[in-house]
Structure formats: structure tokens, C-alpha cells
Amino acid sequence: MNLRKYFIMGSQNCDRKPEDILEEAAKSGITAFQFREKGEGSLTYEKKLALGRRLRDICARHNIMFFINDDIDLVEPLAADGIHVGQDDMQLEKVRKMFPDKIIGLSVSNQTEADNSTVQLADYLGAGSVFATSSKDDAAQAVGLKWIRDLRIQYPNIPIVGIGGITEENASSVIDAGADGTAVISAITRADNIGAAVKKL
Ligand SMILES: Cc1ncc(COP(=O)(O)OP(=O)(O)O)c(N)n1
Ligand SMILES: Cc1ncsc1CCOP(=O)(O)O
Ligand SMILES: [Mg+2]
């Protein structure tokens, strides 16, 4: 499992074809992709599934791990490698029972969430928002690099990806704080040159 450069995207994040953005990012070295079709302007039902299929195919061609955000019912139709759930999504225990062999990621944004979660059932943790983000409407306040350091000390053996407001400029600070990877939306979807952005990340 390589979560070093974890790209997250849905059509609502794109001002051009999501397939073209993912293709460029895939060619340039992302190691994992999460289909997060969610929020204002996002697709639903058949259109969501159809886009998911096209994005899934791109990942398969480039040998990049494909994750689904939230939507348990898309995991099998899209033959996803894994699923990412947060504190307001289906409970981790249930997801693990449903998909014993899939990679499952869990969001933990603070100590209370970590203490109240069955963290050991997760294959990796999404930690954030590290910095302020404009890509998630209901994002909690930024928790900073300290949260990455704290999580790393408490869970030395669980892979951690930092998320939220991560850019080419601050990505290395997230890794230095103890994360195994960085998860980004806008650092790639809004980049003038996606290839250069992915490489710099
Ligand atoms: C890798 C990664 N980390 C955290 C999240 C956030 O998940 P969640 O808190 O469930 O919020 P939504 O993305 O569902 O709005 C993530 N998606 N990926
Ligand atoms: C999905 C998600 N979860 C916490 S912050 C965030 C959005 C990250 O987007 P960006 O990389 O553009 O800040
Ligand atoms: Mg979620």
C-alpha cells in the first residue's frame, strides 16, 4: 500500500474533464486515488457510477490504488481497492465486516475521535484538516502539524496521511511531522501544471 501521493477528486472539484485531470496526475506519479463525488454540483446515481467507472479504469491502467469515499454501495460495482470513512459515515466495525479484505481508511481529526474509534481496525488514518481548506464545506478547524505528531506517537504502526490545505510548499512539513503521505484535492485539481505539481508534492 503506497499512500505517499494520495489524490482525491470528484467532478465538483474540476473545471475541466475529471478524466483528463486524473490521467495527467496518474502519469505524473500519484500513488493512490479516492473518488469523492460529494457536495455542491456533484453527480448522483447513474452519472456518478459512470464517472466512477471511467476513473477506476484510469487507475487500473496506471496501477494506482482506487478508493471510494463514503459510498459503500460503490465499492463492489467499481471493484475498489478500498474505502475511506469518517466519523459521520458507516461505522468502521460494520465496514470491516462487510469488506474484510479491502483497505479501509478512517478519518480522525482530534483526540476525542481517536479515543472513541476502533482505530486498530483501520488500515490507515486520514488526519486533518492539517491546514485550512476550502475544498470541504463542513471541515473542522485546522488542527496543525501537532495532530500528525501526536497520532504518530500513539499509533507508530498505522500508516497516516495528512489532509487539508496541503500544498507543494507545505507538504514536506507534513511528512516531517510523521505522516506516510499527503492527501490533496486542490493542490492538483487547481494546478496550472498538474505534472509539475504532482512531482513537486
Ligand atoms: C484520506 C482521507 N482523509 C480524510 C478524509 C475525510 O473524510 P470524512 O471526514 O468522512 O469527510 P468526507 O471526505 O466524507 O467529506 C478523506 N475523505 N480522505
Ligand atoms: C476531504 C477533506 N477532509 C478533510 S480536509 C478535506 C479537503 C482537502 O482538500 P484540499 O487538499 O483542497 O485542502
Ligand atoms: Mg466521509
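The rules behind these values
Residues numbered from 1 in each chain as written. Chains lettered and ligands numbered in written order. Predicted model: local features only at pLDDT ≥ 70, side-chain atom pairs only at ≥ 80, totals over all residues. UniProt positions renumbered as here; feature names shortened; annotations may be inferred. Near = placed C-beta within 6 Å. Nonpolar A, V, L, I, M, F, W, Y, C, P; charged D, E, K, R; others polar. Pairing = 2+ DSSP bridges. Helix = DSSP H or I, 4+ residues; strand = E, 2+ residues; numbered from the N terminus. Axes fitted to C-alpha atoms, helices over the stretch in contact; angles between N-to-C directions. Buried ≥ 20, exposed ≤ 12 C-beta atoms within 10 Å, placed from the backbone. Contact = placed C-beta atoms within 7 Å. Expected span 1.5 Å × (residues − 1). Arc of directions from axis to C-beta.

Labelled according to an unreviewed UniProt entry, the chain appears under the name Thiamine-phosphate synthase, originating from Lentibacillus kapialis. Quoted verbatim from the Function (unreviewed entry) field of the UniProt record, the comment on the chain reads "Condenses 4-methyl-5-(beta-hydroxyethyl)thiazole monophosphate (THZ-P) and 2-methyl-4-amino-5-hydroxymethyl pyrimidine pyrophosphate (HMP-PP) to form thiamine monophosphate (TMP)."

**Observations regarding the site of ligand 2**
What surrounds ligand 2 is a group of 15 residues, the closest being Thr133, Ser135, Gly164, Ile185 and Ser186. Among the residues making up the shell around ligand 2, the classes are represented as seven nonpolar, seven polar and one charged.

**Details of the sheet that holds strand S1 (residues 5-9)**
Read once around its circumference, the closed barrel built from eight strands follows the order S1-S2-S3-S4-S5-S6-S7-S8, with strand pairing classed as parallel. Sheet twist, expressed as the average angle between the axes of neighbouring strands with direction ignored, equals 25 degrees. Looking at chain direction, strand S3 (residues 65-69) and strand S4 (residues 82-85) are connected through three bridges and run parallel. Its bridge partner being in S4, Ile68 is matched across the sheet by Ile83.

**Here we look at the UniProt feature "binding site: 4-amino-2-methyl-5-(diphosphooxymethyl)pyrimidine" (unreviewed entry) in the chain**
In this numbering, the UniProt entry assigns the feature "binding site: 4-amino-2-methyl-5-(diphosphooxymethyl)pyrimidine" (unreviewed entry) to Gln34, Phe35, Arg36, Glu37, Lys38, Asn69, Ser107 and Lys136. Along the chain, Glu37 falls in the loop between strand S2 (32-35) and helix H2 (45-62). Glu37 sits in the buried class, given 25 other C-beta atoms within 10 Å. Sequence-distant contacts of Glu37, that is, excluding residues within four places in its chain, are made with Gly10, Ser11, Ser42, Leu43, Lys48 and Leu51. Within the secondary structure, Asn69 is located in strand S3. Not counting chain neighbours up to four residues away, the residues in contact with Asn69 comprise Gln34, Phe35, Arg36, Lys38 and His84.

**As for the site of ligand 1**
Near ligand 1 there are 17 residues, and of these Gly86, Ser107, Gly126, Ile163 and Ala183 occur at the shortest range. The set of elements that each furnish at least two residues to the shell around ligand 1 consists of S1, strand S5 (103-108) and strand S7 (160-163). Residues that form the shell around ligand 1 fall into these classes: five nonpolar, seven polar and five charged.

**Things to note about the UniProt feature "binding site: Mg(2+)" (unreviewed entry) in the chain**
On the UniProt side, "binding site: Mg(2+)" (unreviewed entry) is annotated at positions that read Asp70 and Asp89 here. On the basis of their most widely separated C-alpha atoms, the annotated residues across 20 residues gather in one place, lying no more than 6.3 Å apart. Since 18 C-beta atoms lie within 10 Å of it, Asp70 is described here as partly exposed. If near-sequence neighbours (up to four positions away) are discounted, Asp70 is found in contact with Lys38, Val85 and Asp89.

**Details of H2**
Taking 1.5 Å of rise per residue, 18 residues should cover 26 Å, and H2 covers 26 Å from first to last C-alpha, within 8% of that figure. By the burial criterion, the buried members of H2 are Gly52, Leu55, Arg56, Ile58 and Cys59. Down the axis of H2, the buried set is contained in an arc of 160 degrees. They therefore lie on one face. Turned more than 90 degrees off the buried face of H2, the exposed positions are Glu46, Lys47, Ala50, Arg54, Ala60 and Arg61. Following H2 by one or two positions, Asn63 adopts a phi angle in the positive range, close to 60 degrees.

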